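One-letter residues, chain by chain:
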Amino acid sequence: RALAGDLVVVQYKAQVEGSDQAFEDTRKSTKAGAAFVFGSRPLPPGLPVGFEEALSTMRTGGKRIALVPPELGFGADPEFVTSKLRKGETVEIPANSRLTYEIELKRVSIPPS
């Protein structure tokens, strides 16, 4: 499991619940996955607190579908995400959206000093 300060590498697909189109899919936009320091703020663009909460109980190699409610997602304001999947297009996530993330935790390591 990832602890605060660990470097995590994840693959994920993100979409607004009920939409048939992802606003991000790291499996298609980058082979290496998305890397960030777990527990750091701000989170990388497009990753709400609910994503990190789902990740907090996962083990390396684990896969999960996380359903993120608006209060753990982007909340009452629309969010604008720059999508690598859509070649840098800015995607608007409507206010109060429920989000679905398909997550795979690829790696957890101690970041270099």
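Residues numbered from 1 in each chain as written. Predicted model: local features only at pLDDT ≥ 70, side-chain atom pairs only at ≥ 80, totals over all residues. Heavy atoms only, no water.

Colleague: Would you explain the environment of Lys-87 in this entry?
Modeller: Tracing the chain through its elements places Lys-87 in the loop between strand S5 (79-83) and strand S6 (89-93). Take Lys-87: its relative accessible area is 76%, and that puts it in the exposed class. Here the alpha-carbon distance between Lys-87 and Ser-29, two residues 58 residues apart in the chain, equals 8.4 Å. (Helix = DSSP H or I, 4+ residues; strand = E, 2+ residues; numbered from the N terminus. Buried < 20%, exposed > 50% of the residue type's maximum accessible area, 1.4 Å probe, protein only.)

Colleague: What exactly am I supposed to notice about the packing of aromatic side chains here?
Modeller: A ring pair, where both rings are aromatic, is described by two values, the distance of the centres and the angle of the planes. According to the stated counting rule, one finds 5 aromatic pairs in the structure shown. Look at Tyr-12 and Tyr-101: their rings are 6.0 Å apart centre to centre, the planes differ by 50°, and that puts the pair in the tilted class. On the criterion of sequence distance, the pair formed by Tyr-12 in strand S1 (residues 7-16) and Tyr-101 in strand S7 (residues 99-109) is long-range, its members being 89 residues apart. Residue Tyr-12 shares its accessibility class with Tyr-101, and that shared class is buried. Ring centres of Phe-36 and Phe-51 lie 6.5 Å apart, and the angle between their planes is 50°; on these two criteria the pair is classed as tilted. With Phe-36 in strand S3 (residues 34-37) and Phe-51 in helix H2 (residues 49-55), the pair connects residues that are 15 residues apart, well separated along the chain. (Phe/Tyr/Trp six-rings, centres within 6.5 Å; stacked < 30°, edge-to-face > 60°.)

Colleague: Would you mind showing me how to read unusual backbone geometry here?
Modeller: Most of the time, phi is negative for any residue but glycine, and the peptide bond is trans. A cis geometry characterises the amide bond from Arg-41 onward to Pro-42, with omega recorded as -5°. Of note, Pro-42 is situated in the loop between S3 and H2. Of note, Asn-96 is a non-glycine position whose phi angle comes to about 60°, a positive value. Within the secondary structure, Asn-96 is located in the loop between S6 and S7. Residue Asn-96 is classed as partly exposed on the basis of its relative accessible area, which comes to 49%.

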